[in-house]
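A structural walkthrough
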Amino acid sequence: MSSIEVLRRGLLDTIQDQGRLGYQQFGIPCSGAMDNYSLLLGNSIVGNSPDEAGIEITMTGPRLRFRGDTVFSVTGGTFSPTLNEIQIPMYRAILAKKDDILELGTALQGMRGYIAFGGGVQSPKQMGSRSTYMLGRIGGLGGNPLQIGDIVPLGSLPYKHLVCLTKRNAIANDFIPVIEDEVILRVILGPELERFTEQAVSNFLRYEYCLTSQSNRMGLRLAGEPLSHSRSADILSAGLSLGAVQVPGHGQPIIMMVDRQTTGGYPRIANVISVDIPKLAQLRPGGRMRFQAVDVRVAHSLIAQEDQKIDSLRRAWGSTAYQVTMDGQRFSVVVEEI
Amino acid sequence: MESYPRFLPSGDCGLVVEFEEEIARTVNDKVLALQAYLMQANPRVFRELIPSYRALLVEYDPLYITYQKLEAYLHHACEQARNSTPQPLELIIIPTVYGGEFGADLSFVASYNSLTPEDVIAIHSSVDYPVYMIGFTPGFPYLGGLDSRIACPRRATPRMKIVAGSIGIAGNQTGIYPLDSPGGWQIIGHTSLQLFSPEREPAVLLRPGNLVRFVPV
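Being a predicted model, the structure only gives us computed values, none of them experimental.

1. Here we look at the nonpolar core
- If you look at the biggest cluster of nonpolar residues, it comprises 41 residues, and the most contacted ones within it are Phe-72, Leu-102, Ile-115 and Phe-117 of chain A.
- A total of 4 residues in this core trace back to one element, the largest contributor, which is helix H1 (residues 36–45) of chain A.
- Setting aside its immediate chain neighbours within four residues, Phe-72 of chain A contacts Val-46, Phe-66, Leu-83, Ile-88, Arg-92, Ala-93, Ile-94, Ala-96, Leu-102, Ile-115, Ala-116 and Phe-117 of chain A.
- Membership of the second largest hydrophobic core comes to 32 residues, among which are Val-296 of chain A together with Phe-19, Leu-34 and Ala-77 of chain B.

Put into structure tokens, the structure is as follows:
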């Protein structure tokens, strides 16, 4: 098995996959990548299945040493990655040899980056996922962000497979998300729409809101036109979906993200749609947003489009290198042109 | 008059089924009965089923089912679940050390209510509290049934750290902290039981539909 060693930490480097499902009824959040699209893309580029784990980095990246040959890709925010101090492109499968050093700088654009490795990060799963949930100290390595000296275990692929992955063409530009610091977020209104004045709903959809620095993987606090409630600002605590826009008594919205508490007691004016969550994950403090109401059917067709897009990428690339299991044994199969 | 249940979108992957807006066993029973029905009828269709006081949040995959179809199905499921007999509540005993180092606010709660600390202990440990829901942090139970004679406002200044296992009162609620965390509850005691232990299966001690009894030790 290959692995990497952490030589220097970034601001917050955590192991994340697509999240921990089925435990919110017990108060355990789903966690997972904030910008799940970028992690999915990274996994596709290195030939992984969508559910493999990678490393999420925040604002400033780490310095890592490879302890074996592997292939990796960097996606998401622009962190100016270098391999042995030579600049390398993002969104490409890059071959790393033993003792190579990968370094990620400070993000020029965006907030979060993802490093995906061929074969995935192979830290132990807890409750079906490798995602780090720091407050509950689960997932990752002992429930913690990466520390200096940590050895992160990686899956291993045969050398020929690695080389084959790096020979692929670059992915088409339209797969690469455009990162902006002013975004339009589409929302589905409610479920507590009746708890707000009509004025509040129209203000919410009209004015610009700003992301404050009091934001993290649990929630993003916004500042802007305060939103007033039609009656009390307390509801009976209820389950929270990803992207729920809660409004406490002070009238400033909070958008609930992947490490959110599983239940909340403030009325929700709206919920950001799934395909727009990555835009929020990449927004920096000071970034601005406007909200636009859409219908559930519109949101669903956008989810279907994005799924087909990722799937087409996976199919196109899966045709050169894949893994098969026969009689319980795993084999890597590489198809080469002759 | 609102008619219940109500069905509302919670984003594009969630649907909330709401019952009457009150904290009551009869309402919470409907939520838990619907959850139990869905888990038994279609355990693989839903990503998450999150019960709360009076609502069930159903998280689904829109690539497999449309909102309209899901709503129609949940209508039917509510009808079916209504006919089921409520599950008997399982009693969980919480051995509790009241007062002292790990119950620093016991005397405050007593004097606030013009009672002795012994009265507070007697009243608090005389009731079986239903677990309406788990939320907020891993394994945190929302308990019903606190006797109003020992209700007490939150501390004006929250503590930076309350140790896991602390038992507190806030307003007309009582609860147990599963993790070390900051908080403003009046702490009256402590249990050595672990409400959340990731290495254990299941990781959480309590679940909705349990009855909690605090027993002084």
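After that view of the structure, there is still more to cover.
2. A short note on empty space enclosed by the protein
- What the rule picks out here adds up to 3 cavities of 30 Å³ or more.
- In this structure, the largest cavity occupies an estimated 130 Å³ of space.
- Forming the boundary of the largest cavity are 16 residues, of which Glu-192 and Ile-235 of chain A together with Glu-18, Glu-21 and Arg-54 of chain B lie nearest the centre.
- Taken together, the residues of the lining of the largest cavity break down into 5 nonpolar, 2 polar and 9 charged.

3. Structural notes on the sheet that holds strand E10 (residues 109–117) of chain A
All names here are of chain A.
- Reading across the sheet, the 5 strands line up as E2-E3-E10-E5-E8 and stay open at both edges, with antiparallel pairing between neighbours. Of all strands in the sheet, those bounded by a partner on one side alone are strand E2 (14–16) and strand E8 (94–96). If you compare each strand with its neighbour and ignore which way they point, the axes differ by 35° on average.
- One ladder, built from 6 bridges, connects strand E5 (residues 70–78) with E10; its direction is antiparallel. Looking across to E10, one finds that Thr-78 is bridged to Gln-109.
- Lying over the sheet, H1 contacts E2, strand E3 (54–58), E5 and E10, oriented at roughly 155° with respect to E5.

The rules behind the values
Residues numbered from 1 in each chain as written. Chains lettered and ligands numbered in written order. Predicted model: local features only at pLDDT ≥ 70, side-chain atom pairs only at ≥ 80, totals over all residues. Heavy atoms only, no water. Core = buried A, V, L, I, M, F, W, Y, C linked by side-chain atoms within 4.5 Å. Buried < 20%, exposed > 50% of the residue type's maximum accessible area, 1.4 Å probe, protein only. Helix = DSSP H or I, 4+ residues; strand = E, 2+ residues; numbered from the N terminus. Contact = heavy atoms within 4.5 Å. 1 Å grid on protein atoms, 1.4 Å probe; cavity = no way out; pocket = protein on both sides within 12 Å on 5 of 7 lines; lining within 4 Å. Points joined across faces, edges and corners; volume = space filled by probe spheres on them. Nonpolar A, V, L, I, M, F, W, Y, C, P; charged D, E, K, R; others polar. Pairing = 2+ DSSP bridges. Axes fitted to C-alpha atoms, helices over the stretch in contact; angles between N-to-C directions.

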